[in-house]
Amino acid sequence: MSQSCSIEKCTRTSRGLCDCCQQNLCLQHLNEHNTLLVSLLNPLADELNALGVRLETLNIEKVIGNSRQKLEQWRQDCHKKIDCFFGQKCQELNQLIQETVTKQVEELNQIQMKITEFIDTQETTRHDIDSLTLTIRQLQINMNNIERTCFTINTRPLPIDDTSVFITKTTEIELDLSTLSPAYTTIHRSEESFRSFTGNDRHFLIHQAPNLCLFDRKMNIVKQMLWLYGTIWDMCWSSILDRFIVLGKKSIYLINENTLSIDNVYTTVGRDLISCTCSDTVLFACTNEGASSIMEFTLFPAIEVIKEW
Ligand SMILES: [Zn+2]
Ligand SMILES: [Zn+2]
């Protein structure tokens, strides 16, 4: 005996298994279910169209805009660094030749004056003539040397590779801490070392009792100096001064990363300092007291308080 339609109250004979509900249905209900399924196609088509439109109108420039700006900033910073270095080396070249030229000019002037004097007074000796001749010969040799000066310039190409600029793709809301790279290396610090640290794009500075230490980007100590000025509360880097700023209990010190000189540039009267940060033009330092104040200092030409609040 043939099976009847699975729909309640339908007495018609089932004609097949409907693939949407997995029930045996009569022809009419199979049709109904099919129509229902077909009607679902249109909204899907609409959604797909909308996606197509979004894809067509996608502004790729806008998506990469911010990142491109960062790349552009990196490019400009690198160019600036190269231009600055190039300027220094040009000056060095100039200085190397200028010293010899200046000396030659001075000697030339001197002997010129002597000859003029002899001509003016219309008097000279054999010895003077011999001496003048000898000096002029020497100046000629010097001049030949100056004209034949050349420099050997040894250069090496800048190492730029994928580690200089490393691009990873993320979505806007995503912050996945597991994508942080693992610790590169660990620096163990003694109990007596003061905790603050800071860095610029070449070095970072920490206190490793009893020294202040400069580390390079590969975490090697490149320079260190004995620190004899008491507690370090905070430190920061000032690119405009080209110095590290170290905050002591009552004093502000400037550290030159090349010469490792330490200059005490400011000392407070009767109050302690605790933390600091700086912009391109000013330094802010926070006082260590109950109702703490923020002091604003000029960086240039001298470190001086301009405001407090
Ligand atoms: Zn069905
Ligand atoms: Zn039916």
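All values derive from a computational prediction rather than experimental measurement. (Residues numbered from 1 in each chain as written. Chains lettered and ligands numbered in written order. Predicted model: local features only at pLDDT ≥ 70, side-chain atom pairs only at ≥ 80, totals over all residues. Heavy atoms only, no water.)

1. Quick notes on the overall build of the protein
We apply this condition: A run of H or I in DSSP counts as a helix once it spans at least four residues, and a run of E counts as a strand once it spans at least two, with each numbered from the N terminus. Relative accessibility decides the category of a residue: with a 1.4 Å probe and only protein chains considered, values under 20% of the type maximum give buried, values over 50% give exposed, and everything between is partly exposed. The contact criterion used is simple: two residues touch if any of their non-hydrogen atoms lie within 4.5 Å. Every accessible area reported is derived by Shrake-Rupley at a probe size of 1.4 Å, with residue values counting cover from the shown protein chains alone. Under this rule, positive means Lys or Arg and negative means Asp or Glu; His and the chain ends count for nothing. Here the site of a charge means NZ on Lys, CZ on Arg, CG on Asp, or CD on Glu.
Helices and strands together make up the secondary structure of the protein, namely four helices and 14 strands. On the principal axes, the C-alpha backbone points of the protein span a range of 150 × 60 × 40 Å. Within the span of the protein, comprising 309 residues, buried residues form 22% of the whole. Here the analysis covers contacts within the protein between residues at least 6 apart in sequence; of these, 32% occur between residues at least 24 apart. For the protein, the accessible surface area stands at approximately 23,700 Å², while carbon and sulfur atoms represent 56% of it. Counting 29 positive and 39 negative side-chain charges, the protein places the centres of these two groups 4 Å from one another.

2. A few points about the coordination of the zinc ion (ligand 2)
The condition is simple: Each metal's donors comprise the N, O and S atoms found within 2.8 Å of it (within 3.2 Å for Na, K or Ca). Water is not part of the atom list, so some coordination spheres may appear incomplete. In these descriptions, tetrahedral denotes four donors with every angle between 85 and 135 degrees, square planar four donors and octahedral six donors with opposite donors over 155 degrees apart and the rest between 65 and 115, and irregular any other case.
Surrounding the zinc ion (ligand 2) are the protein donor atoms Cys5 (SG), Cys10 (SG), Cys26 (SG) and His29 (ND1), which sit 2.1 to 2.3 Å from the metal. Angles of 100 to 117° at the metal separate the four donor atoms of the zinc ion (ligand 2), which places the site in the tetrahedral class. Mapped onto the polypeptide sequence, the residues donating to the zinc ion (ligand 2) form the spacing pattern C-x4-C-x15-C-x2-H. Classification of cysteine 5 by relative accessible area gives buried; the value is 5%. Judged by relative accessible area, cysteine 10 falls into the buried class, the value being 12%.

3. Section: the packing of aromatic side chains
Stated formally: Planes of paired rings set the category: under 30 degrees apart is stacked, over 60 is edge-to-face and the rest tilted, where pairs are Phe, Tyr or Trp rings (Trp by its six-membered ring) whose centres lie within 6.5 Å. Charges are assigned to positions over rings by a cutoff of 6 Å between ring centre and Lys NZ or Arg CZ, combined with an angular limit of 35 degrees from the ring normal.
The full count for this structure, using the stated rule, is eight aromatic pairs. Seen in terms of ring centroids, phenylalanine 197 and phenylalanine 204 are 6.2 Å apart; in terms of plane orientation they differ by 80°. Their pairing is edge-to-face. Aromatic rings pair up to connect Phe197, Phe204 and Phe215 into one cluster. Sitting over the ring of tryptophan 309, lysine 307 keeps its end group 5.1 Å from the ring centre.

4. Describing the pairing of strand β12 (residues 282–287)
To be explicit about the condition: Two strands form a pair only when DSSP identifies at least two bridges running between them.
Direction of pairing for strand β11 (residues 273–278) relative to β12: antiparallel, over a ladder of five bridges. Pairing of cysteine 276 across the sheet is with alanine 285, part of β12. Joining the antiparallel neighbours β11 and β12 is a turn of three residues. Note: β12 against strand β13 (residues 294–298), five bridges, orientation antiparallel. Its bridge partner being in β13, phenylalanine 284 is matched across the sheet by glutamate 296. Where β12 folds back onto β13 in an antiparallel hairpin, the turn is made up of six residues.

5. Regarding the domain arrangement of the protein
We count it as follows: Start and end points for every domain follow an automatic or database-based domain assignment.
When cut into domains, the protein gives domain 1 (16–56), domain 2 (66–147) and domain 3 (191–308). A separation of 90 Å is found between the C-alpha centroids of domain 1 and domain 2.

6. Side note on the coordination of the zinc ion (ligand 1)
The coordination sphere of the zinc ion (ligand 1) contains the protein donors Cys18 (SG), Cys20 (SG), Cys21 (SG) and His33 (ND1), at a distance range of 1.8 to 2.6 Å. One way to put it: the four donor atoms around the zinc ion (ligand 1) meet at angles of 88 to 121°, and that makes the site tetrahedral.

7. Some details on the layout of surface pockets
Put simply, the rule is: In this analysis the probe radius is 1.4 Å and the grid spacing 1 Å, with only protein atoms considered; a cavity is a set of points the probe fits into but cannot get out of, a pocket is an open set with protein on both sides within 12 Å along at least five of seven lines, and lining residues have an atom within 4 Å of a point. Grid points are joined across faces, edges and corners, and a volume is the space filled by probe spheres set on the points. Under the convention adopted here, Pro, Cys and the residues Ala, Val, Leu, Ile, Met, Phe, Trp and Tyr are nonpolar, Asp, Glu, Lys and Arg are charged, and Gly plus all remaining residues are polar.
There is about 2,100 Å³ of room inside the largest pocket. Taken together, 39 residues form the lining of the largest pocket, with Cys78, Lys81, Ile82, Phe85 and Leu158 sitting closest to its centre. In terms of residues, the lining of the largest pocket owes the most to one element, helix α3 (residues 60–121), which gives 17 residues. Looking at side-chain class alone, the lining of the largest pocket contains 15 nonpolar, 11 polar and 13 charged residues. Among the domains, domain 2 (66–147) and domain 3 (191–308) are the pair contributing at least three residues each to the lining of the largest pocket. What the second largest pocket holds in volume is close to 840 Å³. Lining the second largest pocket are 17 residues, with Val63, Ser67, Thr168, Lys169 and Thr170 positioned closest to its centre. When its residues are assigned to classes, the lining of the second largest pocket shows six nonpolar, six polar and five charged.

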